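The residues making up each chain are set out below.
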Amino acid sequence: MRVLLIEDEKRMAQALIEILRQENYEVDWCADGIDGELAAENDVYDIIILDVMLPGRSGFDIARGLRRKGKKMPILMLTARGEIDDKVMGLDSGADDYLTKPFMTKELLARLRALGRRIVNNSDGSLTYGDIALDVGTSLLRCDSSGQTVRLSEKEYRIMEYFLINQGQILTREQLALKIWGYEDEAEYNKVEVYLSFTRKKLSFVGSAVEIKALRGLGYELRYKART
Ligand code: CA
């Protein structure tokens, strides 16, 4: 999953980035409220970790702004020590959870996993559609009808995860480029095609009836044709 960290304390941010990357999260970092808000408004991030006291714009204002614009991604707010009002205000402003500084690494990871599970649609921590299940922890793609599994590469995993989280939606090449590589330009568009074809090969390798269908001029969509 892709995490946006909005935190102005550099050492804190660097420590968090290292921990999160070890745990297989993709992390981008903004050190002030204005940049942070702009980045958060991109539909690229699955979870936002948001400090309250920031230069430019406060975490409360950012959370409120995102919710007002209809953005629904989970927000974990980092509040100052013991300031109960911060917690209340954080939740009122639209954050889903808060963590009081200083906090233990394992506490942060537990909260993130809990927020991540709201996105994951299965109690065993996998994303499912049709006859496939993608294990979020191990990147294993499993086909229920054949019983076959295959490990996805990092990019294949991101692609599959993005499709599974957005089931029933058509995703454009631009959205995929932005989501998987973090920015969009012509070079990334070509990569999208290449990695889509790798991902399709994995789907057919496990014998799944799920396909990534290209819709001319529109984008791509997951389709499932159950075999009878
Ligand atoms: Ca701060």
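Residues numbered from 1 in each chain as written. Predicted model: local features only at pLDDT ≥ 70, side-chain atom pairs only at ≥ 80, totals over all residues. Heavy atoms only, no water.

At the metal site, the calcium ion is ligated by D8 (OD), D51 (OD) and M53 (O), and these contacts range over 2.1 to 2.3 Å. You can call D51 buried: its relative accessible area is 4%. (Donors = N, O, S within 2.8 Å, 3.2 Å for Na, K, Ca; no water. Buried < 20%, exposed > 50% of the residue type's maximum accessible area, 1.4 Å probe, protein only.)

Attention now moves to the nonpolar core. The biggest cluster of nonpolar side chains holds 28 residues, and the ones touching the most others in it are L141, M160 and F163. Those elements that place two or more of their residues in this core are β6 (126-129), β7 (132-135), β8 (140-143), α6 (154-165), α7 (173-181), α8 (186-205), β10 (210-215) and β11 (219-224). With 6 residues, α6 is the single largest residue contributor to this core. With residues near it in sequence (within four places) discarded, L141 still touches I132, A133, L134, Q148, T149, V150, L152, M160, K202, L203 and V206. Counting residues in each nonpolar core, the second largest holds 21 residues, with V3, V27, I49 and L108 among its members. (Core = buried A, V, L, I, M, F, W, Y, C linked by side-chain atoms within 4.5 Å. Helix = DSSP H or I, 4+ residues; strand = E, 2+ residues; numbered from the N terminus. Contact = heavy atoms within 4.5 Å.)

Let's shift gears to the sheet that holds strand β9 (residues 149-151). Spatial ordering of the open sheet is given by β6-β7-β8-β9, a layout of 4 strands whose pairing is antiparallel. The sheet is open, and its two borders are formed by β6 and β9, each paired with just one other strand. On average, adjacent strands in this sheet sit at an angle of 20 degrees to one another, irrespective of strand direction. In this structure, β6 lies alongside β7, joined through 4 bridges in antiparallel fashion. If you follow S126 over to β7, its bridge partner there is D135. Of the strands in this sheet, β6, β7, β8 and β9 touch α6, which is tilted by about 120 degrees from β7. Of the strands in this sheet, β7, β8 and β9 are in contact with α8, which crosses β9 at around 155 degrees. (Pairing = 2+ DSSP bridges. Axes fitted to C-alpha atoms, helices over the stretch in contact; angles between N-to-C directions.)

This next bit is on the side chain of T79. Looking at the element boundaries, T79 is found in strand β4 (residues 75-79). Setting aside chain neighbours within four positions, we find T79 in contact with V52, D86, K87, Y98, L99, T100 and K101.

This brings us to the confidence of the model for the protein chain. Per-residue pLDDT for the protein chain has a mean of 89; in total, 95% of the residues score no lower than 70. Across the protein chain, the secondary-structure element scoring lowest on mean pLDDT is helix α4 (residues 84-92), at 73, and the one scoring highest is β9, at 97. (pLDDT = per-residue confidence, 0-100.)

Our next topic: the packing of helix α2 (residues 33-41) against helix α3 (residues 59-68). The N-to-C vectors of α2 and α3 enclose an angle of 25 degrees; their axes lie 10 Å apart at closest approach. Comparing the axis directions of α2 and α3 gives the class roughly parallel. When the axes of α2 and α3 are compared, the crossing they make is right-handed. Only D61, I62, G65 and L66 of α3 make contact with α2, whose side of the interface consists of G33, E37, A40 and E41. In terms of residue class, the contact of α2 with α3 is made up of 3 nonpolar, 2 polar and 3 charged. (Parallel < 35°, antiparallel > 145°, perpendicular 65-115°, else oblique. Left-handed = near helix turned anticlockwise from the far one by under 90°. Nonpolar A, V, L, I, M, F, W, Y, C, P; charged D, E, K, R; others polar.)

Attention now goes to unusual backbone geometry. Omega for the bond connecting K101 with P102 falls within 30 degrees of zero, at -5 degrees, which places this linkage in the cis form. Within the secondary structure, P102 sits in the loop between β5 (97-100) and α5 (105-119). One non-glycine residue, N24, lies in positive phi territory at about 75 degrees. Along the chain, N24 falls in the loop between α1 (10-22) and β2 (26-30). Positive phi, normally seen in glycine, also occurs at S139, with a value near 65 degrees. Counting through the fold element by element, S139 comes out in the loop between β7 and β8.

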